[in-house]
Amino acid sequence: MASGGLVSSSSGTMGCSLVLIMLAVMAFSRCIICMATAVEERSLLETAEFTLDSVRQSLTGQEDTIVYRLIERAKFPLNSRLYDQKYELVPGSPGTLIQFLFKQTEIVQAKAGRYLNPEETPFFPENLPPSVIQDRTYPVFLHLPAASVNVNNIIWDVYFNKFLPLLVKPGDDGNYAATSASDIELLQVTEDSMCLQQHK
Ligand SMILES: O=C(O)C(=O)C[C@]1(C(=O)O)C=C[C@@H](O)C=C1
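Here the residue index of a chain counts from 1 through its sequence in written order. The model is predicted, so local features are restricted to residues of pLDDT at least 70 and side-chain atom pairs to those at 80 or more, both for listing and for counting; the totals for chains, interfaces and linings are taken over all residues. In computing side-chain properties, one takes all heavy atoms of the structure into account and sets aside hydrogens as well as water.

An unreviewed UniProt entry lists the chain under the name chorismate mutase, with Linum tenue as the source organism. UniProt positions are given in the numbering used here, feature names are shortened, and annotations may be inferred rather than shown by experiment. Quoted verbatim from the Subcellular location (unreviewed entry) field of the UniProt record, the comment on the chain reads "Cytoplasm". As stated in UniProt under Catalytic activity (unreviewed entry), the record for the chain gives "chorismate = prephenate".

Chemist: In this structure, what is going on with the packing of aromatic side chains? I would like to understand it.
Modeler: We describe a pair of aromatic rings using the distance from one ring centre to the other and the angle between the two ring planes. Ring pairs shown here join Phe, Tyr and Trp side chains whose ring centres sit within 6.5 Å, with only the six-membered ring taken for Trp; geometry is labelled stacked below 30 degrees between planes, edge-to-face above 60, and tilted in between. In total, this model carries 9 aromatic pairs according to the counting rule given. Relative to Phe160, the ring of Tyr83 has its centre 5.2 Å away and its plane inclined at 45 degrees; by these criteria the two rings are tilted. In this pair, Tyr83 sits in the loop between α2 (52-73) and α3 (97-111) while Phe160 sits in helix α5 (residues 152-167), placing the two residues 77 residues apart along the sequence. Phe160 shares its class with Tyr83; the two are buried. Only runs of H or I of at least four residues qualify as helices and only runs of E of at least two qualify as strands under DSSP, and these elements are numbered from the N terminus. Whether a residue is buried, partly exposed or exposed follows from its accessible area with a 1.4 Å probe, protein chains only, as a fraction of its type maximum: under 20%, in between, or over 50%, in that order.

Chemist: Would you mind going over the side chain of Asn117 with me for this structure?
Modeler: Counting through the fold element by element, Asn117 comes out in the loop between α3 and α4 (144-147). The exposure class of Asn117 is buried, given its relative accessible area of 15%. Side-chain polar atoms of Asn117 contact the backbone nitrogen of Glu119, separated by 2.9 Å. As used in this structure description, the phrase polar contact means that two N or O atoms lie within 3.5 Å; if the pair is within protein, one of them must be able to donate a hydrogen and the other to accept it, and residues adjacent in sequence are counted only when both atoms belong to side chains.

Chemist: Which parts of the structure should I look at to understand the nonpolar core?
Modeler: One broad trend across soluble globular proteins is that nonpolar side chains are buried collectively. Remark: nonpolar core denotes a set of buried residues (Ala, Val, Leu, Ile, Met, Phe, Trp, Tyr, Cys) joined through side-chain atoms within 4.5 Å. In this structure, Trp156, Phe160, Leu164 and Leu187 are the most contacted members of the largest nonpolar core, which totals 27 residues. Of all the secondary-structure elements, those providing two or more residues to this core are α2, α3, α5 and α6 (176-199). Per element, the largest residue contribution to this core is 7 residues, and it comes from α5. Two residues qualify as a contact provided that any one of their heavy atoms is within 4.5 Å of a heavy atom in the partner residue. In this view, Leu164 contacts Arg73, Leu78, Tyr83, Tyr159 and Asp183; residues no more than four positions away in its chain are not counted.

Chemist: Help me understand the environment of Glu72, please; the structure alone is not making it clear to me.
Modeler: Among the structural elements, Glu72 can be located in helix α2. Glu72 sits in the partly exposed class, given a relative accessible area of 24%. In the structure, Glu72 is positioned 107 residues away from Thr179 in sequence and 9.0 Å away in space, judged by C-alpha atoms.

Chemist: Quick question: what am I supposed to make of the side chain of Thr179 here?
Modeler: Within the secondary structure, Thr179 sits in helix α6. Polar side-chain contacts of Thr179 include one of 2.9 Å to the side chain of Asn79. Excluding anything up to four places from it in sequence, Thr179 contacts Arg73, Phe76, Asn79, Leu82 and Tyr83.

Chemist: Looking at this structure, how should I read α2?
Modeler: Along an α-helix, residues three or four positions apart point the same way, because every turn accommodates 3.6 residues. Helix span is expected to be 1.5 Å times the residue number reduced by one. Relative to the 32 Å expected for 22 residues at 1.5 Å per residue, α2 spans 31 Å between its end C-alpha atoms, a close match to the ideal helical length. The complete set of buried residues in α2 reads Val55, Leu59, Gln62, Ile66, Leu70 and Arg73. Looking down the long axis of α2, one finds its buried residues gathered within 75 degrees of arc, a one-sided arrangement. Exposed residues lying more than 90 degrees from the buried face of α2 are Asp53, Gln57 and Asp64. Arc, as used here, means the arc of the directions from the helix axis to the C-beta atoms.

Chemist: How should I be thinking about empty space enclosed by the protein in this particular structure?
Modeler: Here a cavity denotes a set of grid points, spaced 1 Å apart and computed over the protein atoms alone, in which a 1.4 Å probe fits but from which it cannot get out, and a pocket denotes an open set meeting protein on both sides within 12 Å along at least five of seven lines; residues with an atom within 4 Å of a point are reported as lining. Grid points are joined across faces, edges and corners, and a volume is the space filled by probe spheres set on the points. Per the counting criterion, the structure on display carries 2 cavities of 30 Å³ or more. Among the elements that line the lining of the second largest cavity, the one with the most residues is α6, at 3 residues. By the convention adopted, Pro, Cys, Tyr, Trp, Phe, Met, Ile, Leu, Val and Ala count as nonpolar, Lys, Arg, Asp and Glu as charged, and the other residues, Gly among them, as polar. Looking at the lining of the second largest cavity, its residues break down into 3 nonpolar, 2 polar and 5 charged.

Put into structure tokens, the structure is as follows:
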């Protein structure tokens, strides 16, 4: 896991940090747009519930959420112990702390029915428990072959290994719970957005 960051302590001022954050946001958005355009274009089946306008609105809302989450994440330093396997912060569980917390979050959310929604693709799909709540129906709008496209490993790699070290300042404030919650929410909304984009 790379460490370090563009937002060095020498940059100091709030204004400079904000400019760097916005540059980082633009770089991340560009990565996401590149990934989206790399996926074959497909026509969206319009239904009463699901129209191009409603998809456009969803994407705009998700973009705003991504920017907001990036700003939230930038409040914490890198906290690289979250992402480094060598620290073995979870006894008896191989892997990094972020992998462990992400899996646990997805387990709880699977029980709440999150992954019954075809727009949601878990990052750790292995051995997820079934939903404990009553199923609901979702509109069928996904082109079936496109539904099998999964870019979560690309989102993961770009975010943790390339983007995050540019977004945040170096250091460790021990705030692992809040930092990981911020990472998880950010990756999940990015995944939702990618899912919509790859089917449009
Ligand atoms: O590189 C890591 O640390 C990862 O955990 C990447 C990893 C994986 O489990 O391999 C994590 C989740 C994604 O869905 C795909 C890739």
